[in-house]
Amino acid sequence: MKNYTYIGKSVTKVDGKEKVSGAAVYTEDIDFGPDLLYAEIVESEHAHALINNIDTSEAEKIPEVVKIVTGKEFPYRFGLYMKDRFVFAQDRVRFVGEQIAAVVARCPKAAKRAAKLVKVDYTPLPKITNQMEALEEDALLIHENLGEYEHVPWFFPKAKTNIAHWRKTKKGDVEKAFEESDFVLEDTYHVPRYSHCAIEPHAAIGKYDYSGRLTIWASSQSPHTQRHLFAEALAPLGITHKDVRVIAPHVGGGFGSKAGVTMEILAAAVAVTVQGHPVKIMWSREREFYNTYQRLGVKLKLKIGVKKNGKITAVKHQLYWDAGAYVEYGANVVNAVGLSAIGPYNVENVHIDSVCIYTNLPPGGAYRGFGYSEFLFGLESHISRIAKEIGIEPVEMRKINAIREGDLTAYGAHMNPNGLLEAINKVEQEINSDEYTSTEPNKVI
């Protein structure tokens, strides 16, 4: 066995002492002096509605208010994988909490007070909060112009539907393999949405200086991605990549909620409207639960065929993801799962449909596992049930089907060297050890 420098050994975190001592500086802790302004966001009260009018006249009367920003200042679409959203809503809102305006003031209390005075006139529209309803033939279209949106080449939206992206992966002859199987199990699993609940709420501070440079300090897992998207989103204002810098101080937990771009774009856009002043936007704990990325909800339809010896012959895995009102980072989660939804197993016949579906819920994104935790819940549950039905130990079932070096993945790539069998064996040893098989009533295991 190789003697690695770091693998398999304890290491001291570079920032460990700084954090445990309380010396670490997070985004909220940065002192910008008396020039700092504060922005409060006006959010949609409806899951789906037309915006008829935004009246800011009363809010403008608050003495400390410096600027009120609406969608009029930023009438162009942007997006990480598909340009399907605006910085501030234009003529329509698609989820409760969608950003409509920002009130910028000299103190946070004044910003909050003025934001409550902004009056928005809506015409409520029917809403969809279940991705399976969104797939129905006569379902209301959440994005009527989906077919016109710019997107990355590996994206496959379906115009005139609520399908934002559909990743299909096929290998072998699934139907023939099912016919030749000794046992077939088919069932449906459901994983709901989750909130990340990081200790530090989202925070971002933007400053557009008089030399035309934009700097964003953000609690961010993706500073380079954010820099790219800010430059693209604000390009109509003459801002280019060379003009944008993103600084990520210590991050007080993210787990995927601070990957990609969520509220940080607001700080970038608002800062451009108050040149020379840093502007802070801080999410409340309440907002963390409804206005940041959430784990995508998913419905998994799973069909697996096996031989009597436990060998998996075919997997048909259909995954229907609730991506929310805008695809953002969630689309990449859907895409990754669409390539890998057979898990760590060698399967010769595969049919995967991973579908990214619009609903009138908050946008979804990465969450501790990038979609793998969700689909593996269904897959591993299914495999354990099959093992019980055909009389094979669950651990043995996994050894029989474990993918090995050189085996083909679902999308046709050769598997790299891996320690899967070693890991299964070690887990089996731990499960069978005396520590975990004690019959003593009060023994803690």
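What you see is a predicted model, and the numbers here were worked out from it, not measured in a lab.

K.L.:
How do you make sense of a negative patch on the surface when you look at a structure like this?
P.N.:
Taken together, the side chains of Glu-133, Glu-136, Glu-137 and Asp-138 define an acidic patch exposed on the protein surface. Residue placement: Glu-133 occurs in helix H4 (residues 131-134).

K.L.:
Please explain the sheet that holds strand E2 (residues 49-55) as it appears in this structure.
P.N.:
Within a sheet, adjacent strands bond to each other through the backbone by hydrogen bonds, running parallel or antiparallel. Strand order across the open sheet formed by 3 strands is E4-E2-E6, with antiparallel pairing between neighbours. This sheet does not close on itself; its edge strands, each paired only once, are strand E4 (92-93) and strand E6 (119-124). Bridging between E2 and E4 involves 2 bridges; their strand directions are antiparallel. Looking at E4, one finds that Leu-50 is bridged to Arg-92.

K.L.:
When you look at the pairing of strand E10 (residues 214-218) in this model, what are you seeing that I'm missing?
P.N.:
Sheet faces and side chains relate simply in a regular strand, where the side chains alternate between the two faces. The buried fraction of E10 is high, at 5 of 5 residues. Neither face of E10 is left uncovered, since the one carrying Leu-214, Ile-216 and Ala-218 and the one carrying Thr-215 and Trp-217 both have all their residues buried. Strand direction decides the pairing type here: strand E9 (residues 203-208) and E10, joined by 5 bridges, are antiparallel. Within the sheet, the bridge partner assigned to Lys-207 lies in E10 and is Thr-215. Between the antiparallel neighbours E9 and E10 lie 5 residues, among them Gly-212 with a positive phi of about 85 degrees.

K.L.:
Just checking my understanding: could you explain the packing of aromatic side chains for this structure?
P.N.:
Here a ring pair, both rings aromatic, is described through the centre-centre distance and the interplanar angle of the planes. All chains considered together, the criterion is met by 12 aromatic pairs. Each ring, one from Phe-74 and one from Phe-88, has its centre 6.4 Å from the other, and the planes form 35 degrees; the classification is tilted. Of this pair, Phe-74 sits in the loop between strand E3 (65-70) and E4 while Phe-88 sits in the loop between E3 and E4, placing them 14 residues apart in sequence. Assigned by exposure class, Phe-74 and Phe-88 land together as buried. An aromatic cluster is present here, built from Tyr-81, Trp-154, Phe-155, Tyr-293, Tyr-329 and Phe-370 joined pairwise through their rings. If you follow Arg-368 out to its NZ or CZ, it ends over the ring of Phe-255, 4.3 Å from the centre.

K.L.:
I would appreciate a short explanation of the sheet that holds strand E8 (residues 183-191) in the present structure.
P.N.:
The sheet built from 5 strands is open, its strands ordered E7-E16-E15-E14-E8 with mixed pairing. This sheet does not close on itself; its edge strands, each paired only once, are strand E7 (163-171) and E8. Strand-to-strand twist of the sheet, defined as the mean angle between neighbouring strand axes without regard to direction, takes the value 5 degrees. In terms of strand pairing, E8 meets strand E14 (residues 297-306) through 9 bridges, oriented antiparallel.

K.L.:
Is there a simple way to think about the packing of helix H11 (residues 394-401) against helix H12 (residues 420-432) in this case?
P.N.:
The packing of two helices is summarised by the inter-axis angle and the distance between the axes. Remark: H11 packs on H12, axes separated minimally by 10 Å, with the N-to-C direction vectors making an angle of 170 degrees. By the angle between their axes, H11 is roughly antiparallel relative to H12. Of the residues in H12, those touching H11 at Val-395, Arg-398 and Lys-399 are Leu-421, Ile-424, Asn-425 and Glu-428.

K.L.:
Can you help me understand unusual backbone geometry in this one?
P.N.:
Note: most peptide bonds trans; most residues except glycine with negative phi. With phi around 55 degrees, Phe-255 is a residue other than glycine that occupies positive phi space. Structurally, Phe-255 can be placed in the loop between strand E11 (244-247) and helix H7 (264-273). Residue Arg-368 is not a glycine yet carries a positive backbone phi of 40 degrees.

K.L.:
I tried to follow the pairing of strand E5 (residues 99-105) on my own but got confused; where do I start?
P.N.:
With 7 of 7 residues buried, E5 lies mostly within the body of the structure. Relative to E5, strand E1 (residues 37-43) runs antiparallel, the two sharing 6 bridges. Each residue of the ladder has a partner; that of Ile-41, found in E5, is Ala-102. Bridging between E3 and E5 involves 5 bridges; their strand directions are antiparallel. When the bridges of E5 are listed, Thr-70 appears paired with Ala-101.

Conventions adopted
- Residues numbered from 1 in each chain as written.
- Predicted model: local features only at pLDDT ≥ 70, side-chain atom pairs only at ≥ 80, totals over all residues.
- Heavy atoms only, no water.
- Patch = residues over 30% accessible without salt bridge, like charges linked within 9 Å, V, L, I, M, F, W, Y side chains within 5 Å.
- Areas by Shrake-Rupley, 256 points an atom, 1.4 Å probe, with all protein chains shown as cover.
- Salt bridge = Lys/Arg side-chain N within 4 Å of Asp/Glu carboxyl O.
- Lys, Arg positive; Asp, Glu negative; His and termini not counted.
- Charge placed at Lys NZ, Arg CZ, Asp CG, Glu CD.
- Helix = DSSP H or I, 4+ residues; strand = E, 2+ residues; numbered from the N terminus.
- Pairing = 2+ DSSP bridges.
- Buried < 20%, exposed > 50% of the residue type's maximum accessible area, 1.4 Å probe, protein only.
- Phe/Tyr/Trp six-rings, centres within 6.5 Å; stacked < 30°, edge-to-face > 60°.
- Lys NZ or Arg CZ within 6 Å of the ring centre and 35° of its normal.
- Axes fitted to C-alpha atoms, helices over the stretch in contact; angles between N-to-C directions.
- Parallel < 35°, antiparallel > 145°, perpendicular 65-115°, else oblique.
- Contact = heavy atoms within 4.5 Å.

Function cannot be inferred from these measures alone, as they are strictly geometric.
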